[in-house]
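# Fold and contact review
Spelled out from the first residue to the last, the chains are:
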Amino acid sequence: MPARLVAVPLLLVLGCAHSPAPPPGPRTLAGRAQIQRAEATVDLTLRYEVREGRTLEISAELHGGGSGSVGAVAVELRPDGFELTGPASWTAEVAAGETASNTWPLRPGQEGIARVEVRHGLAGGELDGSTTAAFRVSADAIRLCATADCAAEAP
């Protein structure tokens, strides 16, 4: 009987060490942000996806809620260790029930740790909302860093 009790935890540990890779497709980069003005709201969802050819795509989706519109919303990428091909900022306005999205392709400049800061807010004002994500870049992969995995390493 004692041999069985030891074998079960050992199998659980070994099973976790060989978990399958997550399925391909966009993944949530951070929690949702919301901008509100009067009865109107805009939810901002950020996602990332690693594409073949060592390209990281960051996408922003705006979804209008409530009634009316909060006005134009600006979203800006500030990469560090990635090269951005195209404009760093995007502005869109969505009314209740509408959506709009934008995608930024990024290429790693070198192996190591690279970061992306995404700032957002009402267009024409200060972009006071911010999300930062770190990625570990190697010759064969780009992976989102866990909370403490890359914290002390500079890009």
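Residues numbered from 1 in each chain as written. Predicted model: local features only at pLDDT ≥ 70, side-chain atom pairs only at ≥ 80, totals over all residues. Heavy atoms only, no water.

Bringing the nonpolar core into the picture now. Core analysis: the largest hydrophobic core is formed by 29 residues, its most contacted members being I58, F82 and F135. Elements represented by at least two residues in this core include exactly β3 (40-51), β4 (55-66), β5 (73-80), β7 (89-92), β8 (99-108), β9 (112-122) and β10 (129-137). The element contributing the most residues to this core is β3, with five residues. Leaving out residues up to four positions away in the same chain, I58 has contacts with L29, R47, Y48, L77, N102, T103, W104, L106, V116, V118 and F135. (Core = buried A, V, L, I, M, F, W, Y, C linked by side-chain atoms within 4.5 Å. Buried < 20%, exposed > 50% of the residue type's maximum accessible area, 1.4 Å probe, protein only. Helix = DSSP H or I, 4+ residues; strand = E, 2+ residues; numbered from the N terminus. Contact = heavy atoms within 4.5 Å.)

Our focus in this paragraph is the confidence of the model for the protein chain. Per-residue confidence for the protein chain averages 82 on the pLDDT scale, and 79% of its residues sit at or above 70. Here helix α1 (residues 2-17) stands out as the least confident element of the protein chain, with mean pLDDT 36; β7 is the most confident, with 98. In the model, residues 1-22 has pLDDT below 50 throughout and makes one contact with residues more than four positions away in sequence or in other chains. (pLDDT = per-residue confidence, 0-100.)

It is worth spelling out unusual backbone geometry at this point. Its identity as a non-glycine residue notwithstanding, A38 has a phi of 55 degrees, on the positive side. With respect to the helices, strands and loops of the structure, A38 is situated in the loop between β2 (33-37) and β3. Accessibility expressed as a relative area gives 63% for A38, which makes it exposed.

Further remarks concern the side chain of T55. If you trace the backbone, T55 turns up in strand β4. Residue class for T55 comes out buried when judged on its relative accessible area of 10%. Look past the residues within four positions of T55 in its chain and what remains in contact with it is E49, V50, P105, L106, R107 and I142.

Here we come to the packing of aromatic side chains. Using the criterion set out here, one finds three aromatic pairs in the structure. Both rings, one in Y48 and one in F135, keep their centres 5.6 Å apart while their planes meet at 70 degrees; by these two values the pair is edge-to-face. Here Y48 is found in strand β3, whereas its partner F135 is found in strand β10, with 87 residues between them in sequence. Looking at Y48, the relative accessible area reads 12%, which means it is buried. When the ring of W90 is compared with that of W104, the centres are 6.5 Å apart and the planes differ by 80 degrees; the resulting orientation is edge-to-face. (Phe/Tyr/Trp six-rings, centres within 6.5 Å; stacked < 30°, edge-to-face > 60°.)

Once that is clear, we can look at the sheet that holds β5. Spatially, the five strands line up as an open sheet ordered β7-β5-β9-β10-β11, and their pairing is antiparallel. This sheet does not close on itself; its edge strands, each paired only once, are β7 and β11 (142-144). Neighbouring strand axes in the sheet, compared pairwise and without regard to direction, differ in orientation by 25 degrees on average. Sheet analysis places β9 next to β10, joined by nine bridges and oriented antiparallel. In the strand pairing of β10, R115 is matched with A134. (Pairing = 2+ DSSP bridges. Axes fitted to C-alpha atoms, helices over the stretch in contact; angles between N-to-C directions.)

To continue, consider the pairing of β5. Every other side chain in a regular strand lies on the same face of the sheet, so the side chains alternate between the two faces. By the bridge criterion, four bridges tie β5 to β7 in an arrangement that is antiparallel. Its bridge partner being in β7, E76 is matched across the sheet by S89. Inspection of the sheet shows β5 paired to β9 by eight bridges, in the antiparallel sense. Counterpart to P79 in the pairing with β9 is V116.

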